[in-house]
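Listed below, chain by chain, are the residues.
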Amino acid sequence: MQLTGAEIIWECLLKEGVEVVFGYPGGAILPAYDALNKYPQLHHVLVRHEQGATHMADGYARASGQVGVAVGTSGPGATNMITGMATAMMDSTPMVVITGQVPTSAIGSDAFQETDVTGCTLPVTKHNYLVTRVEDLAETIREAFHIARTGRPGPVLVDIPKDVQNATTEFYYPNHPIQLPGYHLPGAAHYTEIEAALKLIHEAERPVILAGHGVVMAGAVHELRQFVEITQTPVALTLLGKGGFPENHPLALGMMGMHGEAACNHAIQQADLLLAFGMRFDDRVTGNIKTYSPHSKKIHIDIDPSEINKNVRVDVGIWGDLKTVLQQLLPKLKTGQHQGWIAQIREWQEDGNQRDILQQLAERPDGKLWAAQVIADLFTYTKGEALTVTDVGQHQMLEAQYYPHTRPQTMLTSGGLGTMGFGMPSAIGAKFARPNEEVWSISGDGGFQMTLCELATARQENININIAIVNNSFLGMVRQWQEFFYERRYKATPLVNPDFVKLAEAYGIPARRVTSRAEIQEAVEWSRSIEGPSLIEFVVEKDDIVYPMVPAGADLHDMIRRPHYAAEVSQDFDNPNAV
Amino acid sequence: MKNTLICLVENKPGVLNRVVSLFRRRNYNMDSLTVGRTHNPDISRITIVMEGEPFQAKLLAVNLYKLVDVIEVQDVTDIPTVDRDLVLAKIRTTDAYARNNLTDLCYEMGARIVDIGPEVTIVEFTGTEENVEAFINALRPLDIVELVRSGLVSMGRGVRNMQGSDYKSKRFVTAPRNGSSN
């Protein structure tokens, strides 16, 4: 069958099982868009900014586990997508980005809307391609999907010049094994590795599992749970690991790290064995690496060999697919007890910040609304069953603390890159992936305004998402750092915001404002009752801090836990070079 | 310390860029990098000398390995190898005295004169990095007009070769294992 390159793009996407693509047209991708007329079975979502397209594809991928697809034009279209690719790269999201490029004859001539896109995106993609011959197009797209979804997933960019889209060739979708001699996936773990790990597991008296995004991505949720139940090992979650282990389980410790509960961080610091499952010892998780969990042996299972021994030196490093390796370990595990250890953790948990804070806030007589209450009430009124998508900042950490999740792929957030503006577009993508889920996009007033143009996309697609803006008229997290580490010099953090309700209404989206706790329940129910997008602005107090906090670069056990302590912080933790 | 890594890469546009970019991105210190085709036209071979601790060299190796176009990586720092660096030096030889000096030196050190002009002479020397350093030091009293080094190339001794080596099995893990491809 003779097809143009433009048609081949869509044919390949269909062969890869793609149902929806997020994109924005432009000169160099026009042949592809013209050919799209012939493929009504592919739903194209017209975004308002290419960054939104990548975040939507990202949200789609995180919510479904399938490859998300974003399409854009050359030059500015492609450069706008870099943030989205970097976000996906840091959080290992499978994504294929297709960009138009100026014709091959014009490449290198600084033609109109020309950018060296493969050069620009080299560090923020798992791999990228510039296709110069239409004959290579199908095989390239097939490879792109293969690379994006296998191993440690990531974004793959395919840059297609306009003349390649217009050229014609015989199309067939190859089905031979993919020929990538330099692309290696791990096999099963060697028995010596399994034995070494088992020895440490069975010797441990104070073990803690550190469950990361890899648990969710590898589909190892069930295996992890079995592991925990056999060995009675408490589980700490990374931010992206949320959902990988049910947080209502008695052995769940919640989120670890900078804004983790003290009990969880204490457990990590006091452990004699850390089992790192699909996580990468990020600086937000470890604090000061020199004092991190000093008494523990460490087992690290990861799909990416370059993560093993990168930040933390480990005793047993296993390069492998987590599900496979856990399946190898499970039949050989001996039943564990660790009653003393768990009792110790329970004791630490008695001194819980989250519970105290909610209690204190509820007891305040002024009736003011606090961000933590918004999240806690959202949890209550959605019965903890919503698929939440957060932006980046204080509300994100509060979501992680006050909205426990029990199912995988129900909490999407930009963890590694911390991309403000990620939330609302990726909630749109997530809803496309999981139309039966109740999707809540939770953003701060700062991050929301970075990609708010996608309200128009939500309207045009009539996508049924609930948008919550936690508005404190400040860049709250930056303000928190200024409060702690810059002696309250609040430079460039107060925001003069638009009227978010009117703004939403201008986009044709019904909206409400909530200023007191009493209104939350009704507003949430109102939002749920609306078919299509709806928005609630929660006006919360400015003077708010996410507790506890491990200052960047401080020891993990050295947390700022209470307001009275915060006054002394700027002297204690003055580490201007910490990330 | 200096670590030597050998990579076999697919002979595709942009591969060298990916390799070099990795050094900048991950903040590695590159001492030298030599690249050229092999007997297989689809495969190029890169020899990298990097300054750092052995564990950093290991991390560099796995990061190189993650590049899709990199087929094989071998850390040859601690295995027996033949190492060669090549230097070309252009020396001002306007008078017979200088020319004789250079001829003697080349004879003593096993260098070759590869071009003689009315004003300058080009000499070539091949050897290990240390030998090349010594040769360059010996040239210093003369009038060096121009000098270029190829950078180190390295090859493991014995029957082991890069393809089909058991390198993959030892790279990442504490014990041997079979990695499967695709």
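Since we're looking at a predicted model, the values are computed, not measured.

Q: Now, about the domain arrangement of chain B: what can you tell me, with residues and values included?
A: Residues and elements named next belong to chain B. Split into domains, chain B comes out as domain 1 (2–78) and domain 2 (82–153). Just the C-alpha atoms count here: the centres of domain 1 and domain 2 sit 29 Å apart. Surface buried jointly by domain 1 and domain 2 totals about 420 Å² across both partners, of which 52% is contributed by carbon and sulfur atoms. Applying the counting rule to domain 1 against domain 2 returns 0 salt bridges. For the pair domain 1 and domain 2, the number of links is 2 residue pairs in polar contact (both at pLDDT 80 or more). Sorting the residues of the side of domain 1 that touches domain 2 by element identifies β1 (2–10), β2 (29–37) and β3 (43–51) as the ones contributing at least two each.

Q: So what about a nonpolar patch on the surface? Which residues, and what values?
A: Residues and elements named next belong to chain B. A grouping of L16, V20 and V35 is seen on the molecular surface, where their side chains present a nonpolar patch of about 210 Å² in accessible area. With respect to the helices and strands, the residue L16 is situated in helix α1 (residues 15–25). For L16, a relative accessible area of 35% translates into the label partly exposed.

Q: Tell me about the sheet that holds β1(B), residues and numbers included.
A: Residues and elements named next belong to chain B. Reading across the sheet, the 4 strands line up as β2-β3-β1-β4 and stay open at both edges, with antiparallel pairing between neighbours. Strand pairing shows two members of the sheet lacking a second neighbour, β2 and β4 (70–75), which therefore form its edges. For this sheet, the mean angle separating the axes of adjacent strands, direction not counted, is 20°. Strands in contact with helix α2 (residues 54–66) are β1, β3 and β4; relative to β4, the strand with the most contacts, it is inclined by about 170°.

Q: Can you explain the domain arrangement of chain A? Please cite residues and give values.
A: Residue and element names in this part refer to chain A. Taken domain by domain, chain A comprises domain 1 (2–170), domain 2 (191–350) and domain 3 (353–539). Here domain 1 and domain 2 have C-alpha centroids that lie 37 Å from each other. With 8 residues of domain 1 at the interface, the matching set in domain 2 holds 7 residues. A buried area of about 600 Å², summed over both sides, lies between domain 1 and domain 2, and 58% of it is on carbon and sulfur atoms. When the area that domain 1 buries against domain 2 is broken down by residue, the three leading residues are M90, D91 and R152, summing to 66%. The interface formed by domain 1 and domain 2 includes 2 salt bridges.

What counts and what doesn't
Residues numbered from 1 in each chain as written. Chains lettered and ligands numbered in written order. Predicted model: local features only at pLDDT ≥ 70, side-chain atom pairs only at ≥ 80, totals over all residues. Heavy atoms only, no water. Domains from an automatic or database assignment. Buried area = accessible area lost by both parts, 1.4 Å probe. Salt bridge = Lys/Arg side-chain N within 4 Å of Asp/Glu carboxyl O. Polar contact = N/O pair within 3.5 Å; in protein donor to acceptor, adjacent residues only side chain to side chain. Helix = DSSP H or I, 4+ residues; strand = E, 2+ residues; numbered from the N terminus. Patch = residues over 30% accessible without salt bridge, like charges linked within 9 Å, V, L, I, M, F, W, Y side chains within 5 Å. Areas by Shrake-Rupley, 256 points an atom, 1.4 Å probe, with all protein chains shown as cover. Buried < 20%, exposed > 50% of the residue type's maximum accessible area, 1.4 Å probe, protein only. Pairing = 2+ DSSP bridges. Axes fitted to C-alpha atoms, helices over the stretch in contact; angles between N-to-C directions. Contact = heavy atoms within 4.5 Å.

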